[in-house]
Amino acid sequence: MMIVMKGDATEDQIAHVIARVEQAGAKAHPSRGERYTVVGAICDDPKIIAALDLRGEPGVEKLVPISKKYKLVSRELHPEDHVVRVGDAAIGGGSFGLIAGPCTVESREQTLSTAMACKAAGAAALRGGAFKPRTSPYTFQGLGEPALEILVEARAESGLPIVTELMDVRQLEAIVEVADMIQLGTRNMQNFDLLREVGQIDTPILLKRGMASTVEEWLLAAEYIVSEGNDQVVLCERGIRTFETATRGTLDISAIPVAKATSRLPVIVDPSHAAGQRDLILPLARAAVVAGADGLIVEVHPSPETALCDGPQALFADTFSEWVYDVRRCVDLMGKVMAGGEPVEVGV
Ligand code: PEP
Ligand code: MN
């Protein structure tokens, strides 16, 4: 339930309402807007919420039920766009975040040269997997912790914040030490223990949609993280499983406006894993931007033909600036601003 406070409600009145909510056994989530404050009362027992009759309390304007299963990430509770900061870059609220880099950190040279190309093109953050969720146990599984050191060096060289995937809670300590944003991949979207763990840290989380999950399940996964206290969550649509085999996944374009209408969280799109092939990434990226995405995450490699993972879908590092130039026109069309700023020429 949302308790909407009057515009002139005093701090004491707000504190009193929060205390009442907590005494009843629910969690109180105050949100202070420009015009008025809303206190979300969240509890999994509907009887507690029903019994919490705060009508007539000083400073209370009205009580509004939250109709969705997810509460804290819903737009009902927080109508304004939520903005998530990754390093100096903002994602959401009109700021468009382009995250780019190799699927996997393979070597220092490969990662550093890609980082510089991404920076030059105007990316806001560098992606790169250290621990990789591979379908086959016989394929390259990532360099593990040494890859994190390479990412740290790439951040120092390029100035880009780093995004890397967490697969297991045993990797959390090492990753949290270095990552500016932690990715939870499609295969872990419903790893509820992991969701709760990352809810207890303050590193921003990139939550990819499960390849067979509904938008509601995806938002409930985000709710797990936010309900533990970490509201720095960015949603990522990355293609779902359908009967279609022409592409690696089917990019669910509808999920972008649906998630943005029902949730306050920023939504970005991964056209690389959805397409699985390089030539389709640009049209899917354009469509995603025009459908309202707050950013993109794409794979880039200096020599995709030798890549140890996902080469066919990697964009070429040496022409990445041109690729971004095209996407930038769509970002302009939508009245958004690239968080990475203007492209710059740094020793590419
Ligand atoms: C990745 O980003 O490299 C990745 C494995 O993504 P997903 O979880 O979407 O398959
Ligand atoms: Mn990949």
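## Considerations on the packing of aromatic side chains
- Tallying each qualifying case throughout the model produces 2 aromatic pairs.
- Judged by centre distance (5.7 Å) and plane angle (15°), the rings of Phe320 and Trp323 are stacked. Of this pair, Phe320 and Trp323 both sit in helix H11 (residues 320-333), 3 residues apart, roughly one helical turn.

## Let's talk about the site of ligand 1
- Arg127, Lys132, Thr186, Lys208 and Arg238 are the nearest of the 13 residues found near ligand 1.
- Between ligand 1 and the protein, one listed contact pairs an oxygen atom with a side-chain N or O atom of Arg127 at 2.8 Å.
- Within the backbone of Thr186, one N or O atom sits 2.8 Å away from an oxygen atom of ligand 1.
- About the coverage of ligand 1: the protein hides 97% of its 300 Å² of free accessible area.
- Here the residues of the shell around ligand 1 are counted per class, giving 2 nonpolar, 4 polar and 7 charged.

## Regarding the environment of Glu109
- Along the polypeptide, Glu109 turns up in helix H3 (residues 108-121).
- Placed 41 residues apart in sequence, Glu109 and Ile150 show a C-alpha to C-alpha distance of 9.1 Å.

## Describing the pattern of salt bridges
- Throughout the structure, instances matching the rule amount to 19 salt bridges.
- With a shortest N-O distance of 2.6 Å, Arg75 and Asp81 are connected by a salt bridge.
- Residue classification places Arg75 among the buried positions, given a relative accessible area of 17%.
- For Asp81, a relative accessible area of 36% puts it in the partly exposed group.

## Some remarks on the coordination of the manganese ion (ligand 2)
- Donor atoms from the polypeptide that bind the manganese ion (ligand 2) are Cys103 (SG), His273 (NE2), Glu299 (OE) and Asp310 (OD), placed at 2.0 to 2.4 Å.
- Mapped onto the polypeptide sequence, the residues donating to the manganese ion (ligand 2) form the spacing pattern C-x169-H-x25-E-x10-D. Linking Cys103 in the loop between strand E7 (95-101) and H3 with His273 in helix H9 (residues 271-275), this pair joins segments that are 170 residues apart in sequence.

## Side note on the environment of Thr319
- With respect to the helices and strands, Thr319 occurs in the loop between strand E15 (315-316) and H11.
- Linking Thr319 and Asp332, residues 13 residues apart in sequence, is a C-alpha distance of 21 Å.

## Digging into the domain arrangement of the protein chain
- Per the domain assignment, the segments making up the protein chain are domain 1 (2-64) and domain 2 (84-338).
- Computed from C-alpha atoms alone, the centre-to-centre distance between domain 1 and domain 2 is 36 Å.

## Regarding the nonpolar core
- Within the largest apolar cluster, 80 residues are counted, with the highest numbers of intra-cluster contacts made by Leu207, Trp218, Leu235, Leu296, Val298, Phe320 and Trp323.
- In terms of residue count, the dominant contributor to this core is helix H7 (residues 215-227) (7 residues).
- Composition of this core by domain shows at least three residues from each of domain 1 (2-64) and domain 2 (84-338).
- Non-local contacts of Leu235, meaning those with residues more than four positions away in its chain, are made with Leu207, Trp218, Leu219, Ala222, Ala259, Ser263, Leu265, Pro266, Val267 and Ile268.
- Residues Ala9, Val17, Ala26 and Leu52 belong to the second largest nonpolar core, which totals 16 residues.

## A word on the packing of H3 against H11
- Across the interface, H3 lies against H11 with an axial gap of 9 Å and an inter-helix angle of 35°. The handedness of the crossing between H3 and H11 comes out as right-handed. Two secondary-structure elements touch here, H3 through Ala117, Cys118, Ala120 and Ala121 and H11 through Phe320, Ser321, Val324 and Arg328.
- For the contact of H3 with H11, a count of residues per class yields 6 nonpolar, 1 polar and 1 charged.

## Thoughts on H3
- For H3, spanning 14 residues, the distance from its first C-alpha to its last is 20 Å, which sits close to the expected 20 Å at 1.5 Å a residue.
- Taken across its 14 residues, H3 has 10 buried, putting it largely inside the fold.
- Listed as buried for H3 are Gln110, Thr111, Leu112, Thr114, Ala115, Met116, Ala117, Cys118, Ala120 and Ala121.
- Its buried side turned inward, H3 meets E7, strand E8 (125-127), helix H4 (145-158), strand E14 (295-301) and H11.
- Capping of H3 at its N-terminal end is provided by Ser107; its side-chain oxygen lies 3.0 Å from the backbone amide nitrogen of Gln110.
- In the stretch just after H3, Gly122 is the one whose phi turns positive, near 105°.

Parameters and conventions
Residues numbered from 1 in each chain as written. Chains lettered and ligands numbered in written order. Predicted model: local features only at pLDDT ≥ 70, side-chain atom pairs only at ≥ 80, totals over all residues. Heavy atoms only, no water. Phe/Tyr/Trp six-rings, centres within 6.5 Å; stacked < 30°, edge-to-face > 60°. Helix = DSSP H or I, 4+ residues; strand = E, 2+ residues; numbered from the N terminus. Near = heavy atom within 4 Å. Polar contact = N/O pair within 3.5 Å; in protein donor to acceptor, adjacent residues only side chain to side chain. Areas by Shrake-Rupley, 256 points an atom, 1.4 Å probe, with all protein chains shown as cover. Nonpolar A, V, L, I, M, F, W, Y, C, P; charged D, E, K, R; others polar. Salt bridge = Lys/Arg side-chain N within 4 Å of Asp/Glu carboxyl O. Buried < 20%, exposed > 50% of the residue type's maximum accessible area, 1.4 Å probe, protein only. Donors = N, O, S within 2.8 Å, 3.2 Å for Na, K, Ca; no water. Domains from an automatic or database assignment. Core = buried A, V, L, I, M, F, W, Y, C linked by side-chain atoms within 4.5 Å. Contact = heavy atoms within 4.5 Å. Axes fitted to C-alpha atoms, helices over the stretch in contact; angles between N-to-C directions. Left-handed = near helix turned anticlockwise from the far one by under 90°. Expected span 1.5 Å × (residues − 1).

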